[in-house]
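Analysis of the macromolecular model
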Amino acid sequence: MQHGEALAAAAGDASLAEAVASGAHEQLEPRLRAMLAYALKLTRTPAAMTEADVDALRRQGLDDRAIVDANQVVAYYNYVNRVADGLGVELEPSWPAEARRRRPYAGLDQLPSIGADELPWLSVEQMREVDRIAVEEAGMLLEQMMENAGRSLAAVARQMLGGSAAGKQVAVLAGPGGNGGGGLVAARHLAAAGAAVNVTLDRPPSELAPVPSRQHALARAAAVPVAHAEPPASNPELILDALLGYSQAGPPREATARLIEWTSGRRVLALDAPSGLELASGSLHEPHVGGRRR
Amino acid sequence: MVWVRTAPGSEQMANILASHSLNEAALEAHVRLYRTIMFGDSPLSRTEREAIAVAVSAANECFY
């Protein structure tokens, strides 16, 4: 990140750039946090700005000149970003290849848009509580919940494959927890529906949690091939992302990251949150599961 | 490097500036704006200004 470097130099502290870029703003001092909140809102939802957004800066001690300057920096970088994206500007060859790689764009404008208020939603904390109540108070078995999730995922996958999975190539990427367990269930159901399914775990089967481990045994018993760590060599029509669930935190690492990178430009159906999207903070980490590359 | 032609002599510039060097007046105004906003006198510290830049570019998923 070009300006991550400039920020690290100005601050004498590389961790600040990481915190700012990743959206981990809660650890920053309130004045800077307020400026970044203003910057993000103005960048993401410019039409939603109100005078209250300026008042929030005043409460942190910014006078009108400081507010004008903050606004100018936000506006200037949006200008620079549009120049860069609109004219195809690449970073200089002196930057590492990883920094120069253009990110695959998820094509968010192709997705149906639903207003935040039109859809009931739960926070990550509330979702944990729902899971806890289902198991501890209602007495539902984790196996039942996983089976329901995986069977429903397989049903959606069949729809996406044109109504029938017969003869279709499907790859399932599965993590070690409940999310991965749901993926293993879906793999079993799709295999039963005639699909050529293979599962890739992000770690050895011995590291699966107990219930997903039993789902792994069931999938193996149903003759579903299960590999781990290395992305499959196949070119599937559909990938099921069951790597990371709603409680994921921080950037994906190691084999998980490699598997996510492998999905780039391919068709993906995510069980729960797409891997790489941290719901608690709204941070979209690198790498993350996106949509089809346009 | 960019999808459009660039002005002769722009090879030495940062790519972001070279990209619109065909409009020389806009390029000059851009450089002046950049220096004023990011390095000129301001109640905002250099760190605060660069932090805002990073937050905006990250929100735009742009490496610049």
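Refer to the preceding data block for the structure.
I will try to describe carefully the structure that is included in this document. (Residues numbered from 1 in each chain as written. Chains lettered and ligands numbered in written order. Predicted model: local features only at pLDDT ≥ 70, side-chain atom pairs only at ≥ 80, totals over all residues.)

**A word on the pairing of strand β1 (residues 169–174) of chain A**
All names here are of chain A. Counting buried positions along β1 gives five out of six residues, so the element sits mostly inside the fold. In this sheet, strand β4 (residues 238–242) lies alongside β1 in parallel orientation, the contact comprising five bridges. Considered in β4, the bridge of Val172 is made with Leu240. (Buried ≥ 20, exposed ≤ 12 C-beta atoms within 10 Å, placed from the backbone. Helix = DSSP H or I, 4+ residues; strand = E, 2+ residues; numbered from the N terminus. Pairing = 2+ DSSP bridges.)

**Examining helix α2 (residues 24–39) of chain B**
Given a rise of 1.5 Å per residue, 16 residues ought to cover 22 Å, and the 22 Å separating the end C-alpha atoms of α2(B) matches this to within 8%. Little of α2(B) is tucked away: one of the 16 residues are buried. (Expected span 1.5 Å × (residues − 1).)

**Section: the nonpolar core**
Within the largest apolar cluster, 39 residues are counted, with the highest numbers of intra-cluster contacts made by A:Ala157, A:Val170, A:Val172, A:Ala187, A:Leu190 and A:Leu240. Secondary-structure elements contributing two or more residues to this core are α8 (142–160), β1, α9 (178–192), β2 (196–201), β4, α11 (254–262) and β5 (268–270) of chain A. In terms of residue count, the dominant contributor to this core is α9(A) (six residues). Formed by 36 residues, the second largest nonpolar core is a distinct cluster that contains A:Ala21, A:Tyr77, B:Ala51 and B:Ala59. (Core = buried A, V, L, I, M, F, W, Y, C linked by C-beta atoms within 7 Å.)

**Section: the interface of chain B and chain A**
The interface is formed by 32 residues belonging to chain B together with 43 residues belonging to chain A. Every element with two or more residues in the side of chain B that touches chain A is listed here: α1 (15–18), α2 and α3 (46–59) of chain B. In terms of residues, the side of chain B that touches chain A owes the most to one element, α3(B), which gives 14 residues. Of the residues assigned to the side of chain B that touches chain A, the class counts are 20 nonpolar, seven polar and five charged. (Contact = placed C-beta atoms within 7 Å. Nonpolar A, V, L, I, M, F, W, Y, C, P; charged D, E, K, R; others polar.)

**Here's the deal with the pairing of β4(A)**
Two faces make up the sheet, and in a regular strand the side chains alternate between them. Residues and elements named next belong to chain A. Burial analysis of β4 places five of its five residues in the buried class, which makes it a mostly covered element. Of the two faces of β4, the one holding Leu238, Leu240 and Ala242 and the one holding Ile239 and Asp241 are both buried throughout. Where β4 lies against β5, three bridges are found, and the strand directions are parallel. Each residue of the ladder has a partner; that of Leu240, found in β5, is Leu269. Regarding topology, α11 serves as the crossover connection from β4 to the parallel β5, and that connection is right-handed. (Right-handed = clockwise from strand over helix to strand, strands pointing away.)

**Quick notes on the packing of helix α3 (residues 30–44) of chain A against helix α4 (residues 51–59) of chain A**
Pairs of packed helices are described in terms of their axes, by the angle between the two and the distance that separates them. Residue and element names in this part refer to chain A. In the contact formed by α3 and α4, the axes pass within 9 Å of each other and the chain directions differ by 160 degrees. Judged on the interaxial angle alone, α4 and α3 are roughly antiparallel. Note that α3 runs across α4; the crossing there is left-handed. Contacts between α3 and α4 pair Ala34, Met35, Tyr38 and Lys41 from the former with Asp53, Ala56 and Leu57 from the latter. Grouping the constituent residues of the contact of α3 with α4 by class yields five nonpolar, no polar and two charged. (Axes fitted to C-alpha atoms, helices over the stretch in contact; angles between N-to-C directions. Parallel < 35°, antiparallel > 145°, perpendicular 65-115°, else oblique. Left-handed = near helix turned anticlockwise from the far one by under 90°.)

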